[in-house]
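Chain by chain, the residues:
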Amino acid sequence: MSGKNGSVKLVAGNSNPALARDIAQWLNMPLTKASVRRFADNEVFVEIQENVRGSDVFIIQSTSYPANDHLMELLIITDALRRASARRITAVIPYFGYARQDRKAGPRTPISAKLVANLITHAGADRVMTLDLHAGQIQGFFDIPTDNLYASPVMVRDIKERFDLSKVMVVSPDVGGVVRARGLAKRINAPLAIIDKRRERAGESEVMNVIGDVAGYTCILLDDIVDSGGTLVNAAEALLANGATEVYAYITHGVLSGGACARITNSKLKELVITDSIQATEGVCKAPNIRTITIASLIAEAIGRTAAEESVSSLFD
Ligand code: R5P
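Every residue gets a number counted from 1 within its own chain, in the order that chain's sequence is written. The predicted origin of the model limits local features to residues at a pLDDT of at least 70 and limits the giving and counting of side-chain atom pairs to 80 or more, whereas totals for whole chains, interfaces and linings rest on all residues. As a rule here, side-chain values come from all non-hydrogen atoms in the structure, and water together with hydrogens is ignored.

## Topic: the overall build of the protein chain
Phase 1: Strands here mean DSSP runs of E at least two residues long; helices mean DSSP runs of H or I at least four residues long; both are numbered from the N terminus. When helices and strands are counted, the protein chain shows nine helices and 15 strands.
Phase 2: In terms of C-alpha radius of gyration, the protein chain reaches 20 Å, essentially the compact-globule figure of 20 Å for 317 residues.
Phase 3: Seen through its C-alpha atoms, the protein chain measures out along the principal axes to roughly 60 × 45 × 35 Å.
Phase 4: Exposure was quantified through the Shrake-Rupley algorithm and a 1.4 Å probe, taking into account, for residues, occlusion by the shown protein chains and nothing else. When the accessible surface of the protein chain is summed, it comes to about 14,600 Å², and 48% of that surface belongs to carbon and sulfur atoms.
Phase 5: For the purpose of charge, His is not counted, nor are the chain termini; Lys and Arg are scored as positive and Asp and Glu as negative. Note that the charge is assigned to NZ on lysines, CZ on arginines, CG on aspartates and CD on glutamates. If you average the places of the 35 positive and of the 35 negative side-chain charges in the protein chain, the two averages end up 2 Å apart. We compute the radius of gyration from the C-alpha atoms alone; for a globule the expected value is 2.2 Å times N to the 0.38, where N is the number of residues.

## Points about the UniProt feature "active site" (unreviewed entry) in the protein chain
Phase 1: In this numbering, the UniProt entry assigns the feature "active site" (unreviewed entry) to Lys197.
Phase 2: Note on placement: lysine 197 falls in strand β10 (residues 192-198).
Phase 3: When a residue's accessible area, from a 1.4 Å probe over protein chains only, is under 20% of the maximum for its type it is buried; when over 50% it is exposed; and in between it is partly exposed. The class for lysine 197 is partly exposed, based on a relative accessible area of 30%.
Phase 4: Discounting chain neighbours no more than four positions away, the residues touching lysine 197 are Pro173, Asp174, Glu206, Val207, Met208 and Thr231. UniProt positions are given in the numbering used here, feature names are shortened, and annotations may be inferred rather than shown by experiment. For this analysis, residues touch if any pair of their heavy atoms sits within 4.5 Å.

## Some remarks on the domain arrangement of the protein chain
Phase 1: Either an automatic procedure or a domain database provided the assignment from which the domain bounds are taken. Here the protein chain is partitioned into domain 1 (8-149) and domain 2 (152-294).
Phase 2: The gap between the C-alpha centroids of domain 1 and domain 2 is 28 Å.
Phase 3: With 14 residues of domain 1 at the interface, the matching set in domain 2 holds 13 residues.
Phase 4: Two parts placed together each lose some accessible area; with a 1.4 Å probe, that loss summed over both constitutes the buried area. The largest share of the area that domain 1 buries against domain 2 comes from Tyr95, Arg100 and Asp132, three residues that together contribute 44% of it.
Phase 5: The closest approach of N and O atoms between aspartate 227 and arginine 100, which form a salt bridge, is 3.0 Å.
Phase 6: Residues adjacent in sequence count toward polar contacts only when both atoms are side-chain atoms; beyond that, a polar contact is any pair of N or O atoms within 3.5 Å, and within protein one must be able to donate a hydrogen and the other to accept it. Between the two partners, domain 1 and domain 2, sit ten residue pairs in polar contact (both at pLDDT 80 or more). Here a salt bridge means any side-chain nitrogen of Lys or Arg lying within 4 Å of a carboxyl oxygen belonging to Asp or Glu.

## Overview of the sheet that holds strand β13 (residues 246-254)
Phase 1: Across the sheet, seven strands lie side by side as β11-β10-β9-β12-β13-β14-β15; this open sheet has mixed pairing. In the strand order of this sheet, the two ends are held by β11 (207-211) and β15 (290-293), each with one partner. Strand-to-strand twist across the sheet, computed as the mean angle between neighbouring axes with direction ignored, equals 25°.
Phase 2: Across four bridges, the pairing between strand β9 (residues 168-172) and strand β12 (residues 218-226) is parallel. Across the sheet, the residue bridging to valine 171 is leucine 221, located in β12. At least two bridges found by DSSP between two strands is the condition for calling them paired. Axes here refer to lines fitted to C-alpha atoms; in helices the fit is confined to the stretch in contact. Angles between the N-to-C directions go from 0 to 180 degrees.

## What about the nonpolar core?
Phase 1: Here, nonpolar core refers to any group of buried Ala, Val, Leu, Ile, Met, Phe, Trp, Tyr and Cys residues whose side-chain atoms link them within 4.5 Å. Ranked by internal contacts, the top residues of the largest apolar core, which has 44 residues, are Leu10, Ile23, Leu149, Tyr250, Ile295 and Ile303.
Phase 2: Sorting elements by how many residues they give to this core places helix α9 (residues 296-307) first, with seven residues.
Phase 3: Residue contributions to this core reach at least three from each of two domains, namely domain 1 (8-149) and domain 2 (152-294).
Phase 4: The contact partners of isoleucine 23, leaving out residues within four places of it in the chain, are Leu10, Ile60, Ala296, Ile299, Ala300 and Ile303.
Phase 5: The next biggest cluster of nonpolar side chains, apart from the first, holds 33 residues, and it includes Val57, Ala91, Ala113 and Ala117.

## Here's the deal with helix α5 (residues 178-188)
Phase 1: Of all the residues in α5, the buried ones are Val178, Ala181, Leu184, Ala185 and Ile188. The buried residues of α5 all sit within an arc of 130° when viewed along its axis, so they share a single face. Those residues of α5 that are exposed and aimed more than 90 degrees away from the buried face are Val179 and Lys186.
Phase 2: Buried residues in α5 make contact with α4 (152-162), β9, β10 and β12.
Phase 3: Residue asparagine 189 follows α5 closely and has a positive phi angle near 55°. What the arc covers is the set of directions going from the helix axis to the C-beta atoms.

## Observations regarding the sheet that holds strand β1 (residues 2-3)
Phase 1: Pairing in this open sheet of six strands is mixed, and the strands run β1-β2-β5-β6-β7-β8 from one edge to the other. Bordering the open sheet on either side are β1 and β8 (146-149), each of which pairs with just one other strand.
Phase 2: With two bridges joining them, β1 and strand β2 (residues 6-12) adopt antiparallel strand pairing. Bridge pairing links serine 2 to serine 7 in β2.

## Here's the deal with the pairing of β2
Each regular strand shows side chains that alternate between the opposite faces of the sheet.
Phase 1: Most of β2 sits out of view: six of its seven residues are buried.
Phase 2: Pairing geometry for β2 and strand β5 (residues 56-60), over five bridges, is parallel. If you follow lysine 9 over to β5, its bridge partner there is valine 57.

Here is the structure:
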């Protein structure tokens, strides 16, 4: 495949080989031969086994668990490509780890999302492409062009196929996610509710106030990340206690760490739908109420448009 910035190449790290293969298949091109492996002491070693001189290279690598290893792979692949004279390097990071550390949460704490953005830029990336950033303003942490894609078109397609939209209410599990949830509600022409979590007094348990009348509705919780699953499980309980008939969740990034899969399986959530921005673990695959939808075609389309210097934002019109 040839773009406006030289021949197009796709290089995959080890974070999500299945997604990288699917993207390559959508673009009808092979992955560039490369070896990304460990020395005996666990140092990362990269060897690009094809000529990339003058090429427009897209590295596909989520900085998912183990976040530090996968970040280091991304940095070292970028360095190898820069030293091999790639014309342009785009770091395609479907899940951008460290995004939740985007501000000083307390005195003497880091802003790790900014540090990671600096590392990626200094390693030699010319552009970044990512998906549903935890906070849109993290784009500004990069001093290089950054495209923040949205999984919503893929989710909307799935929701339209599966639900009677007249009975659906979109719910933001916290006040911070309202803009995201409102966007989905508008796309499917559904009403919106919000969960306001409050701890009235220190030491007392958190109260979940549901803002909006969810009684009789099928509620769809929308969020960027499910990690421990605590937010979703508690939200589902609060919605059912307020009269919702069923609760589903559509979440872009299935971090699902620790006992999250068991927590979701044993919860009142009818189904959790995640994307393949993070490679599914065995626990995710076996969980009866967790389903994965793919964002491979969305990312492939965005890569194709970037290579052709065409609009990416119009993908979401
Ligand atoms: C927080 O602001 C995020 O959007 C998610 O709500 C959060 O990361 C989910 O975490 P957990 O699943 O551990 O409750």
